[in-house]
Amino acid sequence: MSRTAETDLGPTERVVKSFRAGEPVLVHDFDDREGETDLVYPAGAVTPAEVARMRNDAGGLVCVALPNDVAETLGLPFMDDVLDHPAAAAHDLAYDSRSSFSFTVNHRDSFTGITDRDRAMTISRLAPVAELARAGDYGADDFGGEFRAPGHVHLLRGAPNLLEDRQGHTELGLALADEATLPPAVVVCEMLDDETGAALSKADAREYAVRHDLAFVDGDRLLSDLS
């Protein structure tokens, strides 16, 4: 596709096209929600260099989002459903009704699990695993044979009906994977600002996208186009 044709695409079309090609994209959720922009990747496209990019350019938590049906098949709970500790009680989130966090994992072939190479191994392997689980060909015992917990890659569990139930980066990323016909495993990492100590502003996130020739989309546009 020519550069002119590329610029003629709408934001969602460009994001889907880039995502399908294995490129990272930038997704801002909503000004009245977290008000954050995440770098979002297809899990199967993540290399050690991309983990380094998330560490250095984004700086947030590197997480892999899996849809509810896949998490159910793999026996991956919401952490706030299984933690029996006072710290897990009475979640009062200013931006949502519940956290998407499940537990953390390392691939069993990794060493410490935290290096760029180790995390890329864990993340990239989650893509075919999610596809196999959705097909009913991979379950909790298989998952336990390949991954160990706790680890260094945070797993997120999507809402059962994705964007109908919740409009977080978890669900926006998984809806994007569905639209791009990719395996249902998506990496999200918040973009932070070294100078302010806050989330990177939307304007600065857009500037980063332009500087690195990456696609950017607002959550409300993505929600409208993909719902």
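Right, let's talk about the overall build of the chain for a bit. When helices and strands are counted, the chain shows 10 helices and 7 strands. Taken over the C-alpha trace, the chain has a radius of gyration of 17 Å; the compact-globule value for 227 residues is 17 Å, and the two agree within 12%. With the principal axes as the frame, the chain shows a C-alpha extent of 50 × 40 × 35 Å. Looking at the 227 residues of the chain, the share that counts as buried comes to 49%.

The next subject is the confidence of the model for the chain. Here the chain averages 91 in pLDDT, and 92% of its residues register 70 or above. Of the regions scoring below 50 in pLDDT, residues 1-5 engages in 4 contacts with residues more than four places distant in sequence or in other chains.

Another point: the environment of Gly-22. Here Gly-22 is to be found in the loop between helix H2 (11-20) and strand S1 (25-28). Given the relative accessible area of 26%, Gly-22 is considered partly exposed. Setting aside residues no more than four positions away along its own chain, Gly-22 makes contact with Pro-42 and Ala-45.

Two quantities define a packed helix pair, namely the angle between the axes and the distance from one axis to the other. Between H2 and helix H8 (residues 169-179), the shortest axis-to-axis distance is 9 Å and the interhelical angle comes to 75 degrees. Taken together, the axes of H2 and H8 lie roughly perpendicular to each other. Residues Val-15, Val-16, Phe-19 and Arg-20 of H2 form the contact with H8, whose own contacting residues are Leu-176, Ala-177 and Glu-179. Considering only residue class, the contact of H2 with H8 consists of 5 nonpolar, no polar and 2 charged.

What counts and how
- Residues numbered from 1 in each chain as written.
- Predicted model: local features only at pLDDT ≥ 70, side-chain atom pairs only at ≥ 80, totals over all residues.
- Heavy atoms only, no water.
- Helix = DSSP H or I, 4+ residues; strand = E, 2+ residues; numbered from the N terminus.
- Rg over C-alpha atoms; globule rule 2.2 N^0.38 Å.
- Buried < 20%, exposed > 50% of the residue type's maximum accessible area, 1.4 Å probe, protein only.
- pLDDT = per-residue confidence, 0-100.
- Contact = heavy atoms within 4.5 Å.
- Axes fitted to C-alpha atoms, helices over the stretch in contact; angles between N-to-C directions.
- Parallel < 35°, antiparallel > 145°, perpendicular 65-115°, else oblique.
- Nonpolar A, V, L, I, M, F, W, Y, C, P; charged D, E, K, R; others polar.

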